[in-house]
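# Examination of the molecular architecture
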Amino acid sequence: MKQLFFFITFCFIVQFLPAQTIKTVVAVRASTFQQAKVTLLTDSVFTTWVSVKSTAYDGYVNHVLYMNNFPADSNAMMSVKDLPVLNHTNLKKIEYADGTVFFFQKLQGCMANCYFLRRMLLENEKVLLTSFVSDDLTLLRNATKAKIPYSVFLQFKSGTNAGDTEQVTYIFKTFTNKSKNKLAKLFKDHPALKEKIQNETYANNIDGLLQLLEDFGKIE
């Protein structure tokens, strides 16, 4: 009985580990900052230098550092305690010049603060699709071709799953139908789309998934 208790406790801790394991960063290099347009929750907008990846661990980013003046030496180390912070309490979105958009998204399944920065892949009136900060479409397309597992985050804006963010991990080889069945289950309110998903490989093809969600957004 004691061994069973410890095993259950261990599984419980592991389940919530990504959301609570946050390393301490003392300093970041200036070269990690990139100029971007920042929109706050108050809808005020300003241009500044943000460091998105400097606080990324295993794809999870729970805050973003920024500075208004870029130093002359791009290799200079910037003290974290001297830098202002953007997080889910004040940030609405970050936009790069190339059109890349980041924002904080709440995930399910953890007890602590579950807001993490996400890269927006697609948004329409019905659904929002995001990925880890490090996973852009080029990387996801390469993963599709190479049959490498990857995760995206699917959030419905209406229906039974409205507001919930589901992490859909695409698993190849051993469990080829696992991600397909999970994706189909999320569309249980739309039988025609559910059947279409089960007959195709959208869950293993990022471009196919994007097209599926675009078509879903057009349904009246």
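Residues numbered from 1 in each chain as written. Predicted model: local features only at pLDDT ≥ 70, side-chain atom pairs only at ≥ 80, totals over all residues. Heavy atoms only, no water.

Attention now moves to the side chain of T165. Structurally, the position occupied by T165 is in strand β12 (residues 165-170). Only 3.1 Å separates the side chain of T165 from the backbone oxygen of K106, close enough to count as a polar contact. Here Q155 takes part through its side chain, which lies 2.8 Å from a polar atom of the side chain of T165. With sequence-adjacent residues up to four places away left out, T165 is seen in contact with Q105, K106, L107, Q108, F153, L154 and Q155. (Helix = DSSP H or I, 4+ residues; strand = E, 2+ residues; numbered from the N terminus. Polar contact = N/O pair within 3.5 Å; in protein donor to acceptor, adjacent residues only side chain to side chain. Contact = heavy atoms within 4.5 Å.)

On to helix α2 (residues 137-146). Each α-helix winds once per 3.6 residues, and so residues spaced three or four apart point in a common direction. Listed as buried for α2 are L140, A143 and T144. The buried side chains of α2 occupy one side of the element, clustering within an arc of 100 degrees when seen end-on. Away from its buried face by more than 90 degrees, α2 exposes T138 and K145. Taken together, the buried residues of α2 touch β9 (115-123), β10 (127-131), β11 (150-156) and α5 (206-217). With a side-chain oxygen lying 3.3 Å from the backbone nitrogen of T138, the N-terminal cap of α2 falls on D136. Following α2 by one or two positions, K147 has its phi on the positive side, about 60 degrees. (Buried < 20%, exposed > 50% of the residue type's maximum accessible area, 1.4 Å probe, protein only. Arc of directions from axis to C-beta.)

Bringing unusual backbone geometry into the picture now. With a phi close to 75 degrees, D43 is a non-glycine residue in the positive phi region. Backbone geometry places K147, a non-glycine residue, at a positive phi of 60 degrees. Tracing the chain through its elements places K147 in the loop between α2 and β11. A relative accessible area of 54% places K147 in the exposed class.

With respect to the helices and strands, T39 occurs in strand β2 (residues 34-40). For T39, a relative accessible area of 7% gives the class buried. Beyond its immediate sequence surroundings of up to four residues, T39 is in contact with S44, V45, L91, K92, K93 and E95.

The next subject is the environment of W49. Position of W49 among the secondary structure elements: in strand β3 (residues 45-51). Once the C-alpha coordinates of W49 and Q35 are considered, the two residues, 14 residues apart in sequence, prove to be 4.3 Å apart. Contact partners of W49, with chain neighbours within four places excluded, come to F33, Q34, Q35, L65, Y66, M67, N68 and F70.

To continue, consider the sheet that holds β12. Hydrogen bonds along the backbone pair up the strands of a sheet, which may run parallel or antiparallel. Strand order in the open sheet formed by 10 strands is β6-β4-β3-β2-β7-β8-β9-β10-β11-β12, and the pairing between neighbours is antiparallel. Two strands lie at the open edges of the sheet, namely β6 (85-86) and β12, each paired on one side alone. Relative to strand β7 (residues 91-95), β2 runs antiparallel, the two being bridged by four bridges. Paired with K37 across the two strands is E95, which belongs to β7. Relative to the sheet, helix α3 (residues 178-186) contacts β11 and β12, its axis offset from that of β12 by approximately 155 degrees. Strands in contact with α5 are β9, β10, β11 and β12; relative to β10, the strand with the most contacts, it is inclined by about 160 degrees. (Pairing = 2+ DSSP bridges. Axes fitted to C-alpha atoms, helices over the stretch in contact; angles between N-to-C directions.)

This brings us to the nonpolar core. Ranked by internal contacts, the top residues of the largest apolar core, which has 26 residues, are L129, V152, L154, L183, F187 and L209. Where this core is concerned, the elements lending two or more residues are β9, β10, α2, β11, β12, α3, α4 (191-199) and α5. In terms of residues, this core owes the most to one element, α5, which gives six residues. Look past the residues within four positions of V152 in its chain and what remains in contact with it is L121, L129, T130, L140, E166, Q167, V168, Y170, I206 and L209. Grouped together as the second largest cluster of nonpolar side chains are 16 residues, L40, V50, L86 and F104 included. (Core = buried A, V, L, I, M, F, W, Y, C linked by side-chain atoms within 4.5 Å.)

Right, let's get into the packing of α3 against α4. Running from N to C, α3 and α4 point in directions that differ by 170 degrees, and their axes come no closer than 8 Å. Considering their axes alone, α3 and α4 lie roughly antiparallel with respect to each other. Residues K180, L183 and A184 of α3 pack against K194, I197 and Q198 of α4. Counted by class, the contact of α3 with α4 contains three nonpolar, one polar and two charged residues. (Parallel < 35°, antiparallel > 145°, perpendicular 65-115°, else oblique. Nonpolar A, V, L, I, M, F, W, Y, C, P; charged D, E, K, R; others polar.)

In short, shape yes, function no, at least from these values alone.
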